[in-house]
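Commentary on secondary and tertiary structure
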Amino acid sequence: LGVHRGDCCHTATSLGAMAPPTASPGLPPIALDFLLFLSRSERTVADASADGNMCEEDADIWRAKVQAYEATLRAHLAKWEGLGEAGIERYRSRIEDLSPSLERAFERRRCAAEAAAAAAAAPE
């Protein structure tokens, strides 16, 4: 799931053709890094339900990766000076929603697999 810019898995095919963040008036570089990584993490978690060949071991790997994403995001958020309490809480909430979102994606995938198996087993 190479979503972090420093990850050796960072490729144009895995992340799309995204340019690195550039300096923006009012946003420090740590904020740009945080926002880009948060967006990629949320997209990666949402894509977890699309992996139809996932076994339970793969799910454990996804969970570990999301936990690492959360820790990295919390560390970046702590370094974002001048954000304000409302902004901190908003982003903290989005970070805290990554693991539950992953579990919801797994549940949707499980339900879809069960429905497909039931449909295949049903007499015609």
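That block above? That's the structure.
Notes on the structure follow. (Residues numbered from 1 in each chain as written. Predicted model: local features only at pLDDT ≥ 70, side-chain atom pairs only at ≥ 80, totals over all residues. Heavy atoms only, no water.)

Overview of the overall build of the chain
- A count of helices and strands for the chain gives 5 helices and 0 strands.
- Per-residue burial over the chain gives 28% buried out of 124 residues. (Helix = DSSP H or I, 4+ residues; strand = E, 2+ residues; numbered from the N terminus. Buried < 20%, exposed > 50% of the residue type's maximum accessible area, 1.4 Å probe, protein only.)

What about the packing of helix α2 (residues 29-47) against helix α4 (residues 85-96)?
- Packing of α2 against α4 leaves a shortest axis separation of 11 Å and a crossing angle of 30 degrees. Overall, the two elements α2 and α4 adopt an arrangement that is roughly parallel. Crossing geometry of α2 relative to α4 is assigned as left-handed. Touching F34, L35, L38 and E42 of α2 are Y91, R94 and I95, all from α4. (Axes fitted to C-alpha atoms, helices over the stretch in contact; angles between N-to-C directions. Parallel < 35°, antiparallel > 145°, perpendicular 65-115°, else oblique. Left-handed = near helix turned anticlockwise from the far one by under 90°. Contact = heavy atoms within 4.5 Å.)

Topic: the environment of S99
- Topologically, S99 is positioned in helix α5 (residues 98-121).
- For S99, a relative accessible area of 24% translates into the label partly exposed.
- As for S99 and A64, which are separated by 35 residues in sequence, their C-alpha atoms are 9.7 Å apart.
- Setting aside chain neighbours within four positions, we find S99 in contact with V66 and E70.

Describing the packing of α2 against helix α3 (residues 56-79)
- Orientation of α2 relative to α3, taken along the N-to-C sense of each, is 160 degrees, at an axis distance of 10 Å. The pairing of α2 with α3 is recorded here as roughly antiparallel in orientation. By crossing handedness, the relation of α2 to α3 is classed as left-handed. On α3, the residues touching I30, D33, F34, F37, L38, S41, T44 and V45 of α2 are W62, V66, Y69, T72, L73, H76, L77 and K79.

A few points about the pattern of salt bridges
- Tallied over the full model, the rule gives 7 salt bridges.
- A salt bridge links R63 to D60, with the nearest nitrogen and oxygen atoms 3.1 Å apart. Highlighted residues: R63 and D60, both in helix α3, separated by 3 residues, approximately one helical turn.
- On the basis of relative accessibility, which here comes to 25%, the residue R63 falls in the partly exposed class.
- A relative accessible area of 43% places D60 in the partly exposed class.
- With a shortest N-O distance of 2.7 Å, E103 and R63 are connected by a salt bridge. Taken together, the residues E103 in helix α5 and R63 in helix α3 connect sequence positions 40 residues apart.
- When its relative accessible area of 35% is taken as the criterion, E103 is described as partly exposed.
- Connected via shared salt-bridge partners are D60, R63 and E103. (Salt bridge = Lys/Arg side-chain N within 4 Å of Asp/Glu carboxyl O.)

Details of the nonpolar core
- The biggest cluster of nonpolar side chains holds 21 residues, and the ones touching the most others in it are F34, L73, L77, W80, Y91 and L102.
- Broken down by secondary-structure element, the contributors of at least two residues to this core are α2, α3, α4 and α5.
- Here this core takes 6 residues from α3, the largest share from any one element. (Core = buried A, V, L, I, M, F, W, Y, C linked by side-chain atoms within 4.5 Å.)

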